[in-house]
Structures are given as structure tokens and as C-alpha cells.
Amino acid sequence: MTRQMRDETIKKDQEHTSQPSAKPEKSVIRQYAEAVIIAIILALVIRSFIIQAFKIPSGSMLQTLQIGDHILVNKFLYWFTNPQHGDIIVFKYPQDEGRDFIKRVVALPGEKMEVREKQVYINDKPLAEPYTVHLDPAIIENPGSSRDNFGPVVVAPGQLFMMGDNRDYSMDSRFWGFLDMKKIKGKAFIIYWSWDHERFRPRWERIGMLVR
């Protein structure tokens, strides 16, 4: 190899080594940070528009929902359809919108609704409700009480009449009026976890149950 060729080879090697190095890969910390941020954004989007988790704190929906049940709520269903009889809905409590309530749809807009001695009537026909319980056998005849005798009323447009399945111990539309459908958060559809506080153990048999 001649001296000239050796000089050219050395020159090319020097040019190669003097070029800027390839862009360094992202640091591990940066990769984890980006993954966490993306996960948080997705969680917020899902919670705001798709599915949200709620915990049942009271017995107003017994026996359908137990205290300690954790449920998932479909938040986009009512973008495409209207609530139907029997739907179990989470909504903003009309008298305190900072609280969430869960009740069952009993009457729809335009329907005549009445309660006579605990029996619900829709358009003067008795409503079959196998999911309800009455833990107090007494019937309150006091005109000042709307628990066992109520109405008749006609549900206003854009409104719903809501009741808890545990009829004798539920604060519902009999006491605070119609529910504006704009206050709906979503429809309950599944129990994903259930904790029995009295026995201090999970209710394994309830996990995965559909809410009906």
C-alpha cells in the first residue's frame, strides 16, 4: 500500500470518527415517566367518558346490591339510548350534587305513577318487581308520609322516577321528586369486587355478577 493510500485511509477514518454520534436513547427514567403520564391520561379519559367505579355505601338497594359491593358504571350508554324500566343508574343526588346516588328506574317521562300500600302502579297497572324487598311489614297510613302511599303523579318530560329496591329504607323520588336525566352519570352493569365488613372477608360469589 502506498503512502498516499495510507493517508487517504487515515483521513476517512478521522472524518468518520469526527461525525456527530447517533442520538442517545431515552433514559430509563424518562421512559417510565412517559408511560406513567400516558397511563394517567388514559385513566382520566376512561373515568370521565367510558367507565367509572363506585362503591355501595348503604343498604337502599338490597338485595340487588350489598353494602361493600364495588360496581362498574357505563358512562356512555345513554349517549345513544334512553333509560328503560328497571335500569339501575348512578346519578347526582338532586338535593346535593356533591353526592352520588344509585337507584332503579321505575317510571319514564309521560307515565302515570302511583304507590298504593307499597304496590307500585304504572298507568294504573300493577308493576311486577321481583327484585324489591319490604323489611317493614307495617303500612304507614299517615298522609304526611309518602313511603307506602304516593301519588298519583305524571313524570315530567326529561325526568325519571327512581326508587331503591329496599323500599322501606330508601331515600328516593318519593321524597325528593323526579330525577333530571341530565344528572345521570351512568348505568351500573357489573360487580367487580365485594367486601363483607361484618365477616371481614370478600364475597367471592358476587364478584363478576351482572347488575340487574
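As a reminder, the structure under discussion sits directly above these lines.
Residues numbered from 1 in each chain as written. Predicted model: local features only at pLDDT ≥ 70, side-chain atom pairs only at ≥ 80, totals over all residues. Heavy atoms only, no water.

Undergrad: Can you break down the side chain of Asp196 residue by residue, with the values?
TA: Mapped onto the elements, Asp196 comes out in strand β11 (residues 184–196). From its side chain, Asp196 meets the backbone nitrogen of Arg199 in a polar contact 3.2 Å long. Beyond its immediate sequence surroundings of up to four residues, Asp196 is in contact with Arg201 and Arg203. (Helix = DSSP H or I, 4+ residues; strand = E, 2+ residues; numbered from the N terminus. Polar contact = N/O pair within 3.5 Å; in protein donor to acceptor, adjacent residues only side chain to side chain. Contact = heavy atoms within 4.5 Å.)

Undergrad: Describe unusual backbone geometry, and please don't skip the residues or the numbers.
TA: Put simply, Leu62 and Gln63 share a cis peptide bond, and its omega is 0 degrees. The amide bond that connects Gly151 to the next residue, Pro152, takes the cis arrangement and shows omega of 5 degrees. Within the element layout of this structure, Pro152 appears in strand β8 (residues 150–154). Unlike most non-glycine residues, Lys118 shows phi in positive territory, near 80 degrees. Mapping Lys118 onto the fold places it in the loop between β5 (112–116) and β6 (119–122). In this model, Asn123 sits at a positive phi of 55 degrees, which is unusual for a non-glycine residue.

Undergrad: Explain the layout of surface pockets to me, using residue names and the numbers behind them.
TA: If a probe as big as a water molecule is rolled over the atoms, it shows which places are left empty. The space that makes up the largest pocket amounts to roughly 310 Å³. Listed by contribution, the elements that provide at least two residues to the lining of the largest pocket are β1 (51–55) and β4 (100–107). Looking at the lining of the largest pocket element by element, the count peaks at four residues for β4. If you add up the space inside the second largest pocket, you get close to 160 Å³. In this structure, the second largest pocket is lined by Leu62, Gln66, Ile67, Asp196, His197, Glu198 and Arg203. (1 Å grid on protein atoms, 1.4 Å probe; cavity = no way out; pocket = protein on both sides within 12 Å on 5 of 7 lines; lining within 4 Å. Points joined across faces, edges and corners; volume = space filled by probe spheres on them.)

Undergrad: So what about the pairing of strand β9 (residues 159–163)? Which residues, and what values?
TA: Most of β9 sits out of view: five of its five residues are buried. Residues Gln159, Phe161 and Met163 line one face of β9 and the alternating positions Leu160 and Met162 line the opposite face, and both faces are buried. Pairing analysis gives three bridges linking β4 to β9, with the strands arranged antiparallel. Considered in β9, the bridge of Ala107 is made with Phe161. The pairing of β9 with strand β10 (residues 179–180) spans two bridges and is classified as antiparallel. Its bridge partner being in β10, Leu160 is matched across the sheet by Leu179. (Buried < 20%, exposed > 50% of the residue type's maximum accessible area, 1.4 Å probe, protein only. Pairing = 2+ DSSP bridges.)

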